[in-house]
Amino acid sequence: MPIKSFVAEMFGTSPIRPLQVHMEKVCACVQQLEPFVQAAVDGRWEVAAQLQAEIAAREQEADQLKHELRAHLPTSLLMAMDRRDVLELLAMQDKVANKAKDIAGLMLGRQMAPPAALAPLFVALVKRAVAAAMQADTAIEELDELLETGFRGAEVGQVREMLRELDRIEGDTDAMQVELRAALFKLEQELPPVDVIFLYQVIEWIGDLADRAQRVGSRLQVVLAQ
Amino acid sequence: MEHAQLLIWLACAFGLFMAWGVGANDVANAMSTSVGSRALTIKQAIWIAAVFEFVGAYLAGGEVTATIRSGMVDAERFADAPDLLVYGMLASLLASGVWLLIASHFGWPVSTTHSIVGAIVGFAAIGVGVDAVHWEKIGAIVSSWVVSPVLAGVMAYLLFMSVQWLIINTRDPLRNAVRFVPVYIFLTGFIVSLVTLLKGLKHLGLGLGSGQSYGLAAAIGLVIAAIGALQIRRMRFDPSADQRFHFTNVERVFGVLMLITACAMAFAHGSNDVANAVGPLAAIVSIVNTGLVSSKAAVPSWILLLGAIGIVVGLLTFGQKVIATVGQQITELTPSRGFAATLAAASTVVLASGTGLPISTTHTLVGAVLGVGIARGIAALNLRVIRNIFMSWLITLPVGAGLSIVFFFALRALLSG
């Protein structure tokens, strides 16, 4: 006789913990952006290169986790979270890490540092964008509590509050972007034009980073609304 | 009757074989939600299963045994030829034993109940005559196979919702868990002992009135709840355990409840599934001893005992390995969900046992688990298993019937020649 029980076989593997592990990895990737940008501002390109490699490695690991979770999500599952929501959340989370890698890659590749006058604002923007990703992670960390409460009750309210905070952080990055662009516009005549073009682009991308973190939150909101 | 001794020995052997099969594989299914929720260790689970399967089979297994033994076939039809019924019951035991062995070998989710019912209907309808079967009774049994998982599912859904409402989704889940978990313990003890007292204990001749039964069941429930409450009071809660997952301590309280519902489930399984093995045995013994086909006499205690022993032996020789494996397979079940599913299934099964309906314990449990899943209580459930169960449900009846027809003619040719 085989050692088998069909009641036991009914229980599929939860996608929730893997989703959280993936988000933790994404955050581990994004968090390196802060020291990276600081290193770039200070012109310590060796350190920056190390940190960029770190960021790329974390992004790769997150990618790996994404593939594993997708491979282990058969269509015949009845889940507490909709299958589509799980896959969408996963995709959204992954894009956050991708953006961090793009930013680091571009800045290192062109050895671009913001002009000294813009540096404080630039670093602040990066910090705020990283904070958005961390806040998205905080909300994702509540998924197992949400499962425990059957996606109902006070826990839902708590997560909604976390998502509102995420929106506020993202709003901050928008405002900071505007400010930074305005400051750059005043300086752009004195700078090499190609550098200016790319600076605009990097600012845009940092904004995107926060934006993508916020989209993780929006997707989570859809899960809560069901 | 010819070969009286031989027939009884054969019946005991086949009956034990089947009871062994029930203990070897089926018990692990019944215990799966309890073991899977990590509320009890494998060792505890095996002990609970051994003790409460035995007690359930012995104390509350009588009604279903009576149904399997004589409820499905028309006794008058066999009055002139009681030996036909003996061969038929032997054939049924052998047929379902063999089918269960084959199915277990391939890991198919078949039910012991479905195979024995299919086997008995098969030999009676084809071997003797279509009118030898009590079709209205079979209709009731088959519909109970649909009703019981659905009922368990609805009950599990409601239980889960009540837990959410009373405990988990409140401001202070831990305090409410300490307060309300004993109530659920009481409910478990009350339901199980009430049905047992009202319906199960006939063969022990206690003769309690229904008022007395309610009182005694309530008393038993209160005693168990008090013990449970004491256990919970003694727990030391570690607030730091709640940091990663905020409900760790709450789930520990549910662990106590899980322990009680695991006992109830083993009891319920014993009360319903032992009959599959000892029902035909009881029929054979009574015919061989009296020469009469009677549907009235009580099931002798020693037969229930034999079945209970068979189940426990099966559990100890093979079942405990399966239970250990099940414990590793289920990784995502918390005690609060495991309890809801188990209690719903156990209550449904003891109710069915009380009315003498042979239902499939494991299918009922699957229904209960699904009920919690529909309430968004379980992260992921594999629906393919449910499809397989339904398929094997459809296959088991004709296969059980076919096998028993073959064995019936073979045994008749061998033994009456």
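Within each chain, residues carry numbers counting from 1 in the order of the written sequence. Whichever chain is written first is A, and whichever ligand is written first is 1; the rest continue in order. Reporting of local features is limited, given that this is a predicted model, to residues whose pLDDT is at least 70; pairs of side-chain atoms are given and counted only at 80 or more, and all residues count toward the totals for whole chains, interfaces and linings.

## Observations concerning the overall build of chain A
Helix and strand counts for chain A stand at nine helices and one strand. Helices and strands in chain A line up, N terminus first, as α-α-α-α-β-α-α-α-α-α. Any residue surrounded by 20 or more other C-beta atoms within 10 Å of its C-beta is treated as buried, while 12 or fewer makes it exposed and the intermediate range makes it partly exposed; C-beta atoms here are placed from the backbone. When the 226 residues of chain A are sorted by exposure, 45% land in the buried category. Every helix listed is a DSSP run of H or I at least four residues long, and every strand listed is a run of E at least two residues long, numbered separately from the N terminus.

## Some remarks on the interface of chain A and chain B
If you look at the interface, chain A gives 31 residues, while chain B gives 44 residues. Per element, the largest residue contribution to the side of chain A that touches chain B is five residues, and it comes from helix α1 (residues 6–10) of chain A. Of the residues that constitute the side of chain A that touches chain B, the class distribution is 17 nonpolar, eight polar and six charged. Inspection of the sheet shows strand β1 (residues 77–79) of chain A paired to strand β1 (residues 380–382) of chain B by three bridges, in the antiparallel sense. Its bridge partner being in β1(B), Leu77(A) is matched across the sheet by Asn382(B). By the convention adopted here, residues are in contact when the distance between their C-beta atoms, placed from the backbone, does not exceed 7 Å. Gly is put with the polar residues, along with every residue not named as nonpolar or charged; the nonpolar set is Ala, Val, Leu, Ile, Met, Phe, Trp, Tyr, Cys and Pro, and the charged set is Asp, Glu, Lys and Arg. Two strands qualify as a pair provided DSSP detects at least 2 bridges between them.

## Examining unusual backbone geometry
Residue and element names in this part refer to chain B. Unusually for a residue other than glycine, Arg38 sits at a positive phi of about 65°. Inspection of the secondary structure puts Arg38 in the loop between α1 (4–36) and α2 (42–60). Residue Arg38 is classed as partly exposed on the basis of its C-beta count, with 17 C-beta atoms lying within 10 Å. Unlike most non-glycine residues, Arg376 shows phi in positive territory, near 60°. Inspection of the secondary structure puts Arg376 in the loop between α12 (361–374) and β1. With 20 C-beta atoms packed within 10 Å, Arg376 lands in the buried category.

## Observations regarding the environment of Ala56(A)
All names here are of chain A. In this fold, Ala56 is placed in helix α4 (residues 45–71). A residue is classified by how many C-beta atoms lie within 10 Å of it, and Ala56, with 18 of them, is partly exposed. Along the backbone, Ala56 and Asn98 are 42 residues apart, and their C-alpha atoms lie at a distance of 8.7 Å.

## Digging into the confidence of the model for chain B
Residue and element names in this part refer to chain B. Confidence of the predictor in every single residue is expressed as pLDDT, which spans 0 to 100. In this model, chain B carries a mean pLDDT of 87, and residues with pLDDT of at least 70 account for 96%. The element-level mean pLDDT for chain B is lowest in helix α3 (residues 62–71), coming to 83, with helix α6 (residues 135–168) highest at 93. Across the interfaces of the predicted complex, the ipTM metric reaches 0.83, alongside a pTM of 0.89.

## Focus on the packing of α1(B) against helix α11 (residues 335–354) of chain B
Residues and elements named next belong to chain B. In this description, a line fitted to the C-alpha atoms serves as the axis of each element, helices being fitted only across the stretch in contact, and the angle between N-to-C directions of two axes falls anywhere from 0 to 180 degrees. Relative orientation of the contacting elements α1 and α11 amounts to 155°, with a least axis distance of 8 Å. On the basis of their axis angle, the class for α1 and α11 is roughly antiparallel. Crossing handedness for the pair α1 and α11: left-handed. Here α1 contributes Thr33, Ser34 and Gly36 to the contact with α11, which in turn contributes Gly338, Ala341 and Thr342. Class assignment for the residues of the contact of α1 with α11 results in one nonpolar, five polar and no charged. Here the angle decides the label: under 35 degrees means roughly parallel, over 145 means roughly antiparallel, 65 to 115 means roughly perpendicular, and every other value means oblique. Working rule for handedness: look at the near helix, and if it is turned counterclockwise from the far one by less than a right angle, call the crossing left-handed; if clockwise, right-handed.

## Brief notes about the nonpolar core
All names here are of chain B. Met31, Leu90, Ala156 and Ile284 are the most contacted members of the largest nonpolar core, which has 229 residues in total. A total of 26 residues in this core trace back to one element, the largest contributor, which is helix α9 (residues 248–290). Residues contacting Met31, with those up to four places away along its chain left out, are Ala45, Ala49, Ala262, Met265, Ala266 and Ile323. The term nonpolar core refers to a group of buried residues, namely Ala, Val, Leu, Ile, Met, Phe, Trp, Tyr and Cys, whose C-beta atoms join them within 7 Å.

## Looking at the environment of Leu224(A)
Residue and element names in this part refer to chain A. Counting through the fold element by element, Leu224 comes out in helix α9 (residues 193–225). We classify Leu224 as partly exposed; it has 16 C-beta atoms within 10 Å. It is 8.3 Å that separates the C-alpha atoms of Leu224 and Arg160, two residues lying 64 residues apart in sequence. The residues touching Leu224, leaving out its near neighbours within four places in the chain, are Phe151, Val156, Val159 and Arg160.

## Notes on the packing of helix α5 (residues 83–109) of chain A against α9(A)
Residues and elements named next belong to chain A. Two numbers describe how α5 lies on α9: the axes approach to 9 Å, and their chain directions differ by 165°. Classed by the angle they form, the pair α5 and α9 counts as roughly antiparallel. Remark: the crossing between α5 and α9 carries left-handed chirality. A breakdown of the residues in the contact of α5 with α9 according to their chemical character gives 17 nonpolar, one polar and nine charged.

## Things to note about α5(A)
With 27 residues, α5(A) ought to run about 39 Å at 1.5 Å a step, and its terminal C-alpha atoms sit 39 Å apart, in line with that. Following α5(A) by one or two positions, Gln111(A) adopts a phi angle in the positive range, close to 45°. Expected helix span is given by 1.5 Å per residue-to-residue step, counting one fewer step than there are residues.

## A few points about α12(B)
Residue and element names in this part refer to chain B. When the terminal C-alpha atoms of α12 are compared, their 20 Å separation across 14 residues agrees well with the 20 Å that a helix rising 1.5 Å per residue should span. Burial analysis of α12 places 13 of its 14 residues in the buried class, the great majority of the element. Phi turns positive one or two residues past the end of α12, at Arg376, with a value near 60°.

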